[in-house]
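Take a look at the letters that make up each chain.
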Amino acid sequence: MSTLAQITSTLSTTKLVGEKKEAKSNDTPLANGTKVDSNGAPELIEFEDPFCNADNPQIITFQDVTSAAFKIKKGIEHTPCSKSHLSEILDMDIFLKKEFLQFTGSFKERGARYALVMLTAEQRKKGVISASLGNHAQGLSYHGWKMGIPVTVVMPLKASLMKIQKCRDYHANVIVQGCDMGEAKKIALKMAHETGLTYINGYDHPHIMAGQGTIGLEIAEQVSNIDAVVVPVGGGGLIAGVATAIKNLSPQTKIIGVESEKCPSFTKALENKAPVYTPNQATLADGLAVPQVGYNAFTTAVPLLDKMIVVKEEWIALAILRLVELEKCVVEGAGASGLAAILAGHLDEFKGKRVVLLICGGNIDTTMFGRCLERGMAAEGRLQRFTVTVSDGPGGLARLCNQLADLGVSIKDIMHDRAFIRDVHSVEVKVFCETRDWTHSQEMRKMLQETYTHVHFYDLPMAI
């Protein structure tokens, strides 16, 4: 029996048990009843999300998804799912579901819209609150503004400045607190308890999951005979919703989940057979950086999941580069993770078959975008670094530059070092340059090795 089958069997007979934080023996209450930890810092009281209960997880149904589709169809974009230029290169019929074309730049609008639609009149009047790194916050802020519902979002300190400002542009009350999503969520739940605002979990609320599942309905309508749908995974709400729709309409279609090696929360949950806290590292796919997957999402998704993949950051960077150059699509790391899995060779069993990649978001920070493009070029060998020792006499450096120019190599940066070289008639030159592709880089390497005695190349590219 496979690991996924074992977990599915376990979920059908047992209840999920969440982690319960035990009070430390040295915790001391303040005069107002708030506890402090051993360092004297106030300890956040953990309030429960009424819609996300570890002991009673809620599984969404196909009817929930179709209901959501009817109720939000006038408020969200019906995004295209077009055949990719990458199809011939990768020997697959690849279709891109372009959810980054939603007004706020991500799929999160669907779930946010549905959750707001389903509020009671009293809840709409008081308003809602949520914790988010950015995309859910933007979707909730935008649709709350359009529907006249007050929105408060708690965003962790690591959230993108661009996404924080966007939420403010949509008239939301933005609170930037918490070192990560886990802490921001505790703050938001505490505020919801104190103020009476309705807390909407960005990936585990049943209405959020059902709203995201409407993507699956559109995919099934837009592409026939689908062999696999590849879905980025953070908190699990997206894959839970999409899998619910796809498996009901096309049971033979494989559902593939992808997450970054820097935040493998779903993979760790599979190993643990239940959601478990997983410390995240800084990642290009910041939209996937959720430390613990949702109980509802996990319980819904696991029986429908066929494969889970963890990809390295270099492949995500290369995927972002490929989508810009070949598809003219500017996407964030999370949105590129499905293509990253294909580029890394994790889905070779689908060669010659029809695969849909869910491009879930395009809200990438401008500075991060530049870094991703450079890292992607380095990953496939188009950016090269080398050190070469040349003559320090007249024309020595000019000769090197002319040789590179004759090959069509573009020099991005160049540095000299005379102090730490023993031969006073020579100079060590460090060059950072750009080539057309890895074959071109190999031509450059061969020329330099044949011409100069001392040449040192740095790390080999990953994507060769």
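Residues numbered from 1 in each chain as written. Predicted model: local features only at pLDDT ≥ 70, side-chain atom pairs only at ≥ 80, totals over all residues. Heavy atoms only, no water.

Novice: Tell me about the nonpolar core, and name the residues and values.
Specialist: Ranked by internal contacts, the top residues of the largest apolar core, which has 79 residues, are Val229, Phe266, Leu323, Leu347 and Leu357. Broken down by element, the residue count for this core peaks at eight residues, all from helix α13 (residues 313–327). Excluding residues within four positions of it along the chain, leucine 357 makes contact with Ile94, Phe95, Leu96, Lys97, Val230, Gly338, Leu339 and Ile342. Counting residues in hydrophobic clusters, the runner-up holds 18 residues, among them Ala115, Ala137, Leu140 and Val151. (Core = buried A, V, L, I, M, F, W, Y, C linked by side-chain atoms within 4.5 Å. Buried < 20%, exposed > 50% of the residue type's maximum accessible area, 1.4 Å probe, protein only. Helix = DSSP H or I, 4+ residues; strand = E, 2+ residues; numbered from the N terminus. Contact = heavy atoms within 4.5 Å.)

Novice: Tell me about the confidence of the model for the protein chain, residues and numbers included.
Specialist: When the pLDDT values of the protein chain are averaged, the result is 88; 89% of them are 70 or greater. Taken together, the stretch residues 12–34 has pLDDT below 50 and engages in 35 contacts with residues farther than four places along the chain or on a different chain. (pLDDT = per-residue confidence, 0-100.)

Novice: Quick rundown of unusual backbone geometry? Include the residues and the values.
Specialist: Even without a glycine there, the phi angle at aspartate 91 is positive, about 60°. Looking at the element boundaries, aspartate 91 is found in the loop between α3 (86–90) and β4 (93–98). A relative accessible area of 48% means that aspartate 91 is categorised as partly exposed. Although it is not a glycine, asparagine 225 adopts a positive phi angle of roughly 50°. Mapped onto the secondary structure, asparagine 225 falls in the loop between α9 (206–222) and β9 (228–232). With relative accessibility at 60%, the residue asparagine 225 sits in the exposed group.

Novice: I'd like to hear about the sheet that holds strand β15 (residues 426–434), residue by residue, with values.
Specialist: With antiparallel pairing, the four strands of this open sheet are ordered in space as β14-β15-β13-β16. For this open sheet the edge positions go to β14 (410–417) and β16 (455–457), each flanked by a neighbour on one side alone. On average, each strand axis in the sheet is tilted by 20° relative to the strand beside it, whichever way the strands run. Looking at chain direction, β14 and β15 are connected through seven bridges and run antiparallel. Residue pairing for β15: serine 410 is matched across the bridge by glutamate 434. (Pairing = 2+ DSSP bridges. Axes fitted to C-alpha atoms, helices over the stretch in contact; angles between N-to-C directions.)

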